[in-house]
Amino acid sequence: MALAAMQSVDMQGTMAPKLAVQKLTLSNFRNYVSARLDVDQGPVLLTGENGAGKTNLLEAVSMLAPGRGLRTAKTREMDRAGGDSPWAVSATVMSTMGEVSLGSGREPEGERRLVRINGANARSQAALGEYVNVVWLTPQMDGLFQEGASARRRFLDRLIYGFDSAHAGRLNAYDKTLRERSRLLKEGRADAAWLDALETQMVERGIAIVAARKTMAERLNLVCRKADGPFPGAGVAVTGSLEDWLGRMPALQTEDRFKQALQENRRRDAETGGAAHGPHRSDLEVTHLGKGMQASLCSTGEQKALLISIVLAHAKLQAAELGTAPILLLDEVAAHLDADRRAALFEILLGLNSQSWLTGTEPGVFEGLLDRAQLFRVANATIERIDNNN
Amino acid sequence: MNEIEQVIQLLSRLPGLGPRSARRAALHMIQKREGLMRPLADALDRAVENIRICATCGNIDTHDPCSVCTDPKRDDTQICVVEQVGDLWALERTGAFRGRFHILGGVLSALDGIGPEDLNIESLLSRVGPDQPVKEVILATNLTVDGQTTAHYLTERLAASGVSVTRLAHGVPVGGELDYLDDGTLSAALKARHALES
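Starting afresh in each chain, residues are numbered from 1 along the sequence in its written order. Labels follow written order: the first chain is A, the first ligand is 1, and so on. Only residues with pLDDT of at least 70 are given local features in this predicted model, and only at 80 or more are side-chain atom pairs given and counted; all residues enter the totals for whole chains, interfaces and linings.

J.: Is there a simple way to think about the overall build of chain B in this case?
T.: Every helix listed is a DSSP run of H or I at least four residues long, and every strand listed is a run of E at least two residues long, numbered separately from the N terminus. Assigned secondary structure in chain B consists of eight helices and six strands. Secondary structure elements of chain B occur, N-terminal to C-terminal, as α-α-α-β-β-α-β-α-β-α-β-α-β-α. Two things to know: the radius of gyration comes from C-alpha atoms, and the globule rule equals 2.2 Å times the number of residues to the power 0.38. For chain B, whose C-alpha radius of gyration is 21 Å, the value lies well above the compact-globule estimate of 16 Å for 198 residues. Partitioning the intrachain contacts of chain B with sequence separation of at least 6 by distance along the chain shows that 43% fall at a separation of at least 24. Contacts are defined on C-beta atoms placed from the backbone: any two residues whose C-beta positions lie within 7 Å are in contact.

See the structure below:
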């Protein structure tokens, strides 16, 4: 299946409908009292000074997908300061299943995020994933290869959501059992049966998580090992003790090995908190293949280019396998690329069958894309369309 | 606070009722004072006096042991373990199970400070000894993380007793369409497939 996907990447469908926001409305969201944006399927370019509210618009789009959005904010943090009602974002979206109206917002008396699909309440935000998948690159991710492994795991896990909607549920369940076990160990409760019960669950979910990440890395490699124009070829690997074991022995044996490791390390884990082994210790390792160099040792610009390579590879994979690429939110990405890479990025974005949203302080950074995109000026939480076709 | 306000305030503490629906319920009762309110008050009064928690299984009834535990027509060789009395009621509505029950009174949760000693687990173990008629324990805890942890825990604790431990099947609901099922349920159903008898 992965190979078939590879072959069709280059001839991906002009037949499949684009995944695109058509209308976006915000109320009491971040610095917006209310705002409305009508856009077509082409790239959406948002320009304006720092603090004008460009990234807030990207965040609003990210709330059309499951999760905590591009700033991983708590629900209440997205309320407008001094606003008198909770935030809400709604949109009309063209999806693979046709036009759908999606809405989300904070529940009036609480922290929960409500989701509405075609005017009816959805049971959970996971339902949004059936229609919309969003992937983003933000300036905060520039240090991804320098930071701790947890940010890199989150990055990889988000790429998996588009292919495997159960992945988020498995991660949550694993995390809960891990915390339960840590609590028991910390309290010094030596209830072997209870610990066993928790560890059995950690093993079941943990191996599934590791397997999903491994599959994702293998599929990404099929596409991103090859340099795409000025974007470097990237080698992607997930590392960790579980990944090692899974590479050397069958899954069932890996489960036993993981179970044994958890049992053996109870005393150690009680002292350090957490657990010595598990998918919460895995890391995403990226290599600049052209230079044969680890991403963390590359220059800042090269690291950014590697990240873009991976995100674009993921979008192409998803387009080939699922018929549509995710909506791409690229915050301040263009400004940090040289002219060659910028032009190449724009060409690739135009070739993907999904909408992309880009921000930049000046329209100048979008040179080459302006006549094929829709340009907006954002200032003081108001959005104004600029006629850029003349 | 007068009596009417007190009724409203108490009603609003019931699950599923907010202040608005509590006011509506109170008003409805006040309008039917003799036909509804007094019988309800009397029934509540009698219930408070007579409700017993069954020392054997944890069920709620007006006798201890409860009517499920004392029913001579029920099968002594099977015990179905559930989290709450509401789960027992749900299984009883099906009429499909004629064995005995055991109510845990919750699930294990280290984060909420609920351990084995807070649940009716010792009483369950005492019901499956070698001199007892029980042959099968059916674990019917919820398919939540905590429910499953509890099921694993009970499996381990019951292992020594030699009874067979089973759990409810996971998979396609009756009348369900595959198209609408989530991936996790579908893969569980595939894993638990069984041969059709011809």
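Still to come is the rest of the account.
J.: Quick question: what am I supposed to make of the packing of helix α5 (residues 192–224) of chain A against helix α6 (residues 241–248) of chain A here?
T.: Axis angle and axis distance: for two packed helices, these are the angle between their axes and the distance between the axes, and together they describe the pair. Residues and elements named next belong to chain A. What counts as an axis is a line fitted to C-alpha atoms, over the stretch in contact for a helix, and the angles between N-to-C directions run from 0 to 180 degrees. Two numbers describe how α5 lies on α6: the axes approach to 10 Å, and their chain directions differ by 80°. Taken together, the axes of α5 and α6 are roughly perpendicular relative to one another. Across the interface between the two elements, Gly206, Val210, Ala211 and Lys214 from α5 touch Leu242, Glu243 and Leu246 from α6. Class assignment for the residues of the contact of α5 with α6 results in four nonpolar, one polar and two charged. Oblique is the label for every angle not falling under 35 degrees (roughly parallel), over 145 degrees (roughly antiparallel), or within 65 to 115 degrees (roughly perpendicular). Nonpolar residues are Ala, Val, Leu, Ile, Met, Phe, Trp, Tyr, Cys and Pro. Charged residues are Asp, Glu, Lys and Arg, and all others, Gly as well, are polar.

J.: Looking at this structure, I do not really get the interface of chain A and chain B. What am I missing?
T.: For interface size, the figure often reported is the accessible area lost on association. With 18 residues of chain A in contact, the opposing surface of chain B contributes 15 residues. If you list the elements that add at least two residues to the side of chain A that touches chain B, you get α4 (167–186) and α5 of chain A. Tallied by class, the residues present in the side of chain A that touches chain B amount to seven nonpolar, five polar and six charged.

J.: Explain the domain arrangement of chain B here, please?
T.: Start and end points for every domain follow an automatic or database-based domain assignment. On domain assignment, one finds that chain B holds domain 1 (3–50) and domain 2 (60–167). Measuring from the centre of the C-alpha atoms in domain 1 of chain B to the corresponding centre in domain 2 of chain B gives 33 Å.

J.: It is not clear to me how the domain arrangement of chain A should be interpreted in this structure. Could you clarify?
T.: Residues and elements named next belong to chain A. Domain boundaries assigned for chain A yield domain 1 (7–142 + 323–390) and domain 2 (146–297). For domain 1 versus domain 2, the distance between C-alpha centres works out to 30 Å. Contacts between the two partners involve eleven residues from domain 1 and, on the opposite side, eleven residues from domain 2. Among the elements that take part in the side of domain 1 that touches domain 2, helix α10 (residues 339–351) stands out by supplying four residues, more than any other. Looking at side-chain class alone, the side of domain 1 that touches domain 2 contains seven nonpolar, two polar and two charged residues.

J.: How should unusual backbone geometry be read in this particular structure?
T.: Trans is the common state for peptide bonds, and a negative phi is the common state for residues other than glycine. Omega for the peptide link from Asp64 of chain B to Pro65 of chain B comes to 0°, which places this bond in the cis form. Relative to the assigned elements, Pro65 of chain B resides in the loop between β2 (60–61) and α4 (67–70). Non-glycine residue Asn28 of chain A carries a positive phi angle of around 50°. Asn28 of chain A gets classed as buried once you count the C-beta atoms within 10 Å, which come to 21. Positive phi, close to 50°, is recorded for Arg30 of chain A, a residue that is not glycine. Locating Arg30 of chain A in the fold gives a position in the loop between β1 (20–29) and β2 (32–38). Burial is judged by counting other C-beta atoms within 10 Å of a residue's own C-beta: 20 or more means buried, 12 or fewer means exposed, and anything between counts as partly exposed, with every C-beta placed from the backbone. Its 21 C-beta neighbours within 10 Å are what place Arg30 of chain A among the buried residues.

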